[in-house]
2 protein chains.
Amino acid sequence: MELIDGKKIADTIKAEIAAEVEKMVGEGKKRPHLAAVLVGHDGGSETYVAHKVKACEQCGFKSTLIRFEDDVTEQQLLDTIDSLNADADIDGFIVQLPLPKHISEQKIIEAIDYRKDVDGFHPINVGRMSIGLPCFLSATPAGIIELLRRYNVPTKGANCVVLGRSNIVGKPVASLMMQKAIPGDATVTVCHSHTNNIKEICRNADIIIAALGQPGFVTDDMVKEGATVIDVGTTRVPSTLTKSGWKLRGDVDFDNVAPKCAFITPVPGGVGPMTIVSLMRNTLLAAQHTVY
Amino acid sequence: MELIDGKKIADTIKAEIAAEVEKMVGEGKKRPHLAAVLVGHDGGSETYVAHKVKACEQCGFKSTLIRFEDDVTEQQLLDTIDSLNADADIDGFIVQLPLPKHISEQKIIEAIDYRKDVDGFHPINVGRMSIGLPCFLSATPAGIIELLRRYNVPTKGANCVVLGRSNIVGKPVASLMMQKAIPGDATVTVCHSHTNNIKEICRNADIIIAALGQPGFVTDDMVKEGATVIDVGTTRVPSTLTKSGWKLRGDVDFDNVAPKCAFITPVPGGVGPMTIVSLMRNTLLAAQHTVY
């Protein structure tokens, strides 16, 4: 069993990006600039955005954080997006989700200029990814693909089972895994809450990508010997062992599943750090105008 | 075994659309207007476009056919698309594929205003379909879904195997079958040229959607008793029995597979007529501005 060290890979890629940024700056080009819009004080969102700002520093990016209270109106947010779209110094920006219920997330996502949509959530980027055209890949799926690439996990012709059909993980990672590409070229099955024989389907999988948000869902009786397991779950569960009173738990029963695996990602330290790195990579590509 | 009569369903839907058009016209609204751009004289393309023009008549639509010879330049086509985008009388239009090699099909597709893209090939429509937002659904996948709906084929929790991962059939129909919708909510597996155990995977399928373009690929040993088989293949094979010298063959060995099926589509007369009807439906929706 080999542990996929997302933290280590993420650090390596951030160093690669930082080197490229210094080269750009040395050539007289401007530093890539990522802006993040944060609404309210949700603990998870605060943490994610803080990590993103820190990653910008590590990559040598300029970053801007724009904060609003929970009572911001949809129109105020749309106006902010308009200014960010028009601001030539901003290469890319994100609006941290989830948003308060009185704001339409889809309306916000579609207001972002797709050429600055470094989260890859705009329908144009989603569509181009499905067709196999250059685009900003959604961050978590792109991070998963990069882990498979860097660990040389065989994917061509592999049976890949994706657990979950969310718009931000399940569907796009399924789409990437079935593309004519390496990593890719896998036979992909997407399972979800209405799947009847999920254990049996998983037992036939060479690669399981678990993105259900159900702690410990994937148990050892669902995993065949030598499989690769990618755990996208990050559910906060109460814990007496941490200062915060909670810890992150993945969708995989790691202790019992890991011994059967060829490769497995831990939670935390697996997919999570890669998600932020994908965002950094998209921002670099936006600054270099290599996608659009 | 019940034969899915695509021709009959298509005629029913065309009559439904025609009734709706007469109601619109009675209310003083304009007739829906579909334009088609045809380049060269490929036999298949000529036939498809002729069928589309005829379907427009049956639905009470106005139709316009714009023809170019094989030597048309990409710029001439792009200029034509610009005029069609700007023409307020045209509700939707298509550029019949394939195009000559000196023209980028993707560039042509992306030049079409997505609000007039009744073929549903523009990345915005592809992306919105994947996310589950209102859009112009790609015609063949939409036709397949409509057949499953009208024949009440159970899809929720069904194991659905899609053979082929093309941008115009395999990927979008997989996307639709996994959506939270009826028809939909299926467990979807996408197989292709690199799939190793395709026979075994098919034998576990409740629904097989074959879109490989390989005549007779699906044989009776790949189909379980009571399965539903949708045949999207339309390969022209030589025939001494027809005046044209060829006939259409599907991806399914119909004679041997049909007896095992709960439902099966024939070729021709199955999915084919539904594809054109989906285009008519998209044109009606465009004229009514119900999507955008």
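These numbers come from a predicted model, not from an experiment.

## Observations concerning the nonpolar core
Next, step 1: One finds A:Val162, A:Ile208, A:Ile209, B:Val162, B:Ile208 and B:Ile209 to be the most contacted residues of the largest nonpolar core, which totals 182 residues.
Next, step 2: Contact partners of A:Ile209, with chain neighbours within four places excluded, come to A:Ile144, A:Cys160, A:Val162, A:Leu163, A:Val173, A:Ile230 and A:Val232.

## Notes on the environment of A:Gln179
Residues and elements named next belong to chain A.
Next, step 1: Counting through the fold element by element, Gln-179 comes out in the loop between helix H7 (170–178) and strand E6 (187–191).
Next, step 2: Residue classification places Gln-179 among the partly exposed positions, given that 19 C-beta atoms sit within 10 Å.
Next, step 3: Taking the C-alpha atoms as reference, Gln-179 lies 7.0 Å from Gly-132; in sequence the two are 47 residues apart.
Next, step 4: The contacts of Gln-179, once residues within four sequence positions are left out, are Gly-132 and Gly-184.

## Thoughts on the interface of chain B and chain A
Next, step 1: If you look at the interface, chain B gives 25 residues, while chain A gives 24 residues.
Next, step 2: For the side of chain B that touches chain A, the secondary structure elements donating two or more residues are helix H5 (123–131), helix H7 (170–178) and strand E6 (187–191) of chain B.
Next, step 3: Among the elements that take part in the side of chain B that touches chain A, H5(B) stands out by supplying eight residues, more than any other.
Next, step 4: Classifying every residue of the side of chain B that touches chain A by side-chain character gives nine nonpolar, 11 polar and five charged.
Next, step 5: Summarising the sheet, E6(A) and E6(B) pair through three bridges and their orientation is antiparallel. Each residue of the ladder has a partner; that of A:Thr189, found in E6(B), is B:Thr189.

## Notes on the relation of the copies chain B and chain A
Next, step 1: With an axial shift of 0.0 Å and an RMSD of 0.0 Å, the rotation relating chain B to chain A amounts to 180°. In short, the pair behaves as if placed about a two-fold rotation axis.
Next, step 2: Both copies contact each other with a shared surface, as 96% of the interface residues of chain B are interface residues in chain A too.

## Side note on the sheet that holds strand E5 (residues 159–163) of chain A
Next, step 1: Taken in spatial order, the 12 strands make up an open sheet running E1(A)-E11(A)-E8(A)-E7(A)-E5(A)-E6(A)-E6(B)-E5(B)-E7(B)-E8(B)-E11(B)-E1(B), and their pairing is mixed. Each edge of the open sheet carries a strand with a single partner, namely strand E1 (2–3) of chain A together with strand E1 (2–3) of chain B.
Next, step 2: Bridge count between strand E5 (residues 159–163) of chain B and strand E7 (residues 207–210) of chain B: four bridges; the pairing is parallel. Note that in E7(B) the partner of B:Val162 across the bridge is B:Ile209.
Next, step 3: Across the sheet, H7(B) is in contact with E6 of chain A together with E5, E6 and E7 of chain B; its angle to E6(B) comes to roughly 165°.

## Points about unusual backbone geometry
Next, step 1: That bond from A:Val267 to A:Pro268 is cis: its omega, 0°, falls within 30 degrees of zero.
Next, step 2: Following the sequence through the fold, A:Pro268 ends up in the loop between strand E11 (263–264) and helix H10 (271–288).
Next, step 3: With an omega dihedral of -5°, the bond running from B:Ile182 to B:Pro183 counts as a cis peptide bond.
Next, step 4: Tracing the backbone through its elements, the reader meets B:Pro183 in the loop between H7 and E6.
Next, step 5: For A:His289, which is not a glycine, the phi torsion comes out positive at approximately 50°.
Next, step 6: Within the secondary structure, A:His289 sits in the segment after H10.
Next, step 7: C-beta crowding within 10 Å serves as the criterion here: with 9 such atoms nearby, A:His289 is assigned to the exposed category.
Next, step 8: The phi torsion at B:Asn152 lies on the positive side, around 50°, for a residue other than glycine.
Next, step 9: Following the sequence through the fold, B:Asn152 ends up in the loop between helix H6 (139–150) and E5.
Next, step 10: With 10 C-beta atoms counted inside 10 Å, the residue B:Asn152 sits in the exposed group.

## Overview of the packing of H6(B) against helix H10 (residues 271–288) of chain B
Residues and elements named next belong to chain B.
Next, step 1: The N-to-C vectors of H6 and H10 enclose an angle of 110°; their axes lie 7 Å apart at closest approach. When the interaxial angle is binned, H6 and H10 end up roughly perpendicular. The two elements H6 and H10 cross, and the hand of that crossing is right-handed. Where H6 abuts H10, its residues Ala-139, Thr-140, Ala-142, Gly-143, Ile-144, Glu-146 and Leu-147 lie against Val-271, Met-274, Thr-275, Val-277, Ser-278 and Leu-279.

## Observations regarding the pairing of strand E4 (residues 92–95) of chain B
Residues and elements named next belong to chain B.
Next, step 1: A two-sided burial pattern is seen for E4, the buried positions comprising Gly-92 and Ile-94 on one face and Phe-93 and Val-95 on the other.
Next, step 2: As judged from the four bridges shared by strand E2 (residues 33–39) and E4, these two strands associate in the parallel manner. Within E4, the position partnered with Ala-36 by the bridge is Ile-94.

The rules we used
Residues numbered from 1 in each chain as written. Chains lettered and ligands numbered in written order. Predicted model: local features only at pLDDT ≥ 70, side-chain atom pairs only at ≥ 80, totals over all residues. Core = buried A, V, L, I, M, F, W, Y, C linked by C-beta atoms within 7 Å. Buried ≥ 20, exposed ≤ 12 C-beta atoms within 10 Å, placed from the backbone. Contact = placed C-beta atoms within 7 Å. Helix = DSSP H or I, 4+ residues; strand = E, 2+ residues; numbered from the N terminus. Nonpolar A, V, L, I, M, F, W, Y, C, P; charged D, E, K, R; others polar. Pairing = 2+ DSSP bridges. Least-squares fit on C-alpha atoms with pLDDT ≥ 70 in both. Axes fitted to C-alpha atoms, helices over the stretch in contact; angles between N-to-C directions. Parallel < 35°, antiparallel > 145°, perpendicular 65-115°, else oblique. Left-handed = near helix turned anticlockwise from the far one by under 90°.

That's the geometry; what it means functionally is another story.
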